[in-house]
Amino acid sequence: MKWDIQAQSEAWNARGLWRELREIESVSGPVIELHGRELVNFSSNDYLGLAGSEELQDALYEGVDRYGAGAGASRLVCGTQSPHLALEKSLAQFKGTESALVFSSGYATALGAIPALVGQGDTVIIDKLCHASLVDAARLSGAVLRVFPHNHLARLEKLLQTANGRVLVVTESIFSMDGDRSDLANIIELKNRYGAWLLLDEAHAVGVLGPQGRGLAAELGIEAEVDLHMGTLSKALGLSGGYLAAKREVIDWLINRARSFVYSTAMLPSLAHAATKAIELMAGSVGDERRIRLMQHLQQLNGGKSPPSAILPLILGEESAAIAASQRLMEAGFLIPAIRYPTVARGAARLRLTCTATHTKVQMDALQKELATQGFH
Ligand SMILES: *Cc1c(COP(=O)(O)O)cnc(C)c1O
């Protein structure tokens, strides 16, 4: 078998799927510099604008001052310091669970947690539009993987009726490329009826939805019904890292058996220190004020109505159409990248527009005008 990477790349490119890294030369809130040009960024997941906040920068510096640069070892060896435990305590409190565990990313959280909890003879039932980390984790677990069409509860129920072993239902609160919500209340009713567990990934809901930005389950008042609360520190919390919050016995098991936790160096203690600050900001008045501003921006782009999330997809279909639209918006001074297969289905290419609380009214008005000029409604 020949290693013809060049031909493989050319074929990929010919399908309009080629991607390249873009070097952002500077970032100042929602304004970035790319190829020497200033663009207003409408593609970040930093929904509350905390990533650029002085408070978080100061917390990181303070963390480095107190705890040094590196963690030095994995958590179980000698990498657990006080800021890790403080962060986990504050995440558990934020999510209303007994316990929580942090990982180096959201991706690593899924890859560690799911295979530690289910394996051969068990069943994972997952929404078709779930994030790659959840799909990869389910595959890695060795459990039978069953997929239901997006938010199709009748099909979910059929799969629950025939599932074997431990049964884990996996879904998200906000779907990352469509910006819509799962039918959480009914999914919970179903998983309870069939004695399954639910893993809910709140990556795009934390910070945006619910009291104190605690997410969709909190908004609906059904946090206690979710068995495994997953999330990331890298979106509205503005930093990086992932977490799983659950009952004490689950977390203690993950500390023993989640391979991406056990065999990976601990999160930087300075980062853990700053993340605790990020939760405090998000859950407090800073978060409340920023959520109000974010919602005003979203309503402006959504005909005055509140959209389900901070993600507004503009679906174009053809890969080439999405690239061309993104290019035109860039020429007009806005960064809104095209999202294509394999991130979304073939022929469902789109612009994925996100707002952040730190966009100004002037920036919002300019974008609204440009979108209208280009025929988006
Ligand atoms: C971004 C994302 C992740 C991964 O989180 P990282 O911290 O970026 O690794 C997991 N699940 C969903 C739904 C996401 O959108």
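Read on for a plain summary of the structure. (Residues numbered from 1 in each chain as written. Predicted model: local features only at pLDDT ≥ 70, side-chain atom pairs only at ≥ 80, totals over all residues. Heavy atoms only, no water.)

**Details of unusual backbone geometry**
- The omega torsion of the bond from Y341 to P342 falls at 5°, within 30 degrees of zero and hence cis.
- Here P342 lies in the loop between β13 (338-339) and β14 (349-354).
- We note that N151 has phi near 60°; this positive angle belongs to a residue other than glycine.
- Inspection of the secondary structure puts N151 in the loop between β6 (144-148) and α7 (153-161).
- What makes N151 partly exposed here is its relative accessible area of 22%.
- Here the phi dihedral of Q212 falls at roughly 60°; this positive angle occurs in a residue that is not glycine.
- Residue classification places Q212 among the partly exposed positions, given a relative accessible area of 34%. (Helix = DSSP H or I, 4+ residues; strand = E, 2+ residues; numbered from the N terminus. Buried < 20%, exposed > 50% of the residue type's maximum accessible area, 1.4 Å probe, protein only.)

**What to know about the layout of surface pockets**
- The space that makes up the largest pocket amounts to roughly 1200 Å³.
- In this structure, the largest pocket is lined by 43 residues; those nearest its centre are R22, S43, L335, P337 and A338.
- Within the residue set of the lining of the largest pocket, elements represented by two or more residues are β1 (24-28), β2 (31-34), α14 (319-331) and β13.
- Among the elements that line the lining of the largest pocket, the one with the most residues is α14, at four residues.
- The residue inventory of the lining of the largest pocket, partitioned by class, reads 16 nonpolar, 20 polar and seven charged.
- In this structure, the lining of the largest pocket is formed jointly by two domains, domain 1 (19-47 + 310-373) and domain 2 (54-283), each of which donates at least three residues.
- What lines the second largest pocket is a set of 23 residues, among which K128, L129, C130, P342 and T343 lie closest to the centre.
- Of all the secondary structure elements, the ones that give two or more residues to the lining of the second largest pocket are β5 (123-127), α6 (132-141) and β6. (1 Å grid on protein atoms, 1.4 Å probe; cavity = no way out; pocket = protein on both sides within 12 Å on 5 of 7 lines; lining within 4 Å. Points joined across faces, edges and corners; volume = space filled by probe spheres on them. Nonpolar A, V, L, I, M, F, W, Y, C, P; charged D, E, K, R; others polar. Domains from an automatic or database assignment.)

**Thoughts on the packing of helix α13 (residues 285-301) against helix α15 (residues 361-373)**
- Put simply, α13 and α15 touch, their axes get as near as 10 Å, and they point 20° apart. With respect to α15, the element α13 is oriented roughly parallel. α13 and α15 meet at a crossing whose hand is right-handed. Contact residues: H297, Q300 and L301 in α13; K361, M364, D365, L367, Q368 and L371 in α15.
- Grouping the amino acids of the contact of α13 with α15 by side-chain chemistry returns four nonpolar, three polar and two charged. (Axes fitted to C-alpha atoms, helices over the stretch in contact; angles between N-to-C directions. Parallel < 35°, antiparallel > 145°, perpendicular 65-115°, else oblique. Left-handed = near helix turned anticlockwise from the far one by under 90°. Contact = heavy atoms within 4.5 Å.)

**Examining the sheet that holds strand β4 (residues 99-103)**
- In space, the seven strands of this open sheet follow the order β4-β10-β9-β8-β7-β5-β6, with mixed pairing throughout. One side of each edge strand has no neighbouring strand; the edge strands of this open sheet are β4 and β6. In this sheet, neighbouring strand axes are inclined to one another by 20° on average, regardless of whether the strands run parallel or antiparallel.
- When strand β8 (residues 197-201) meets strand β9 (residues 228-232), the two strands line up parallel, connected through three bridges. (Pairing = 2+ DSSP bridges.)

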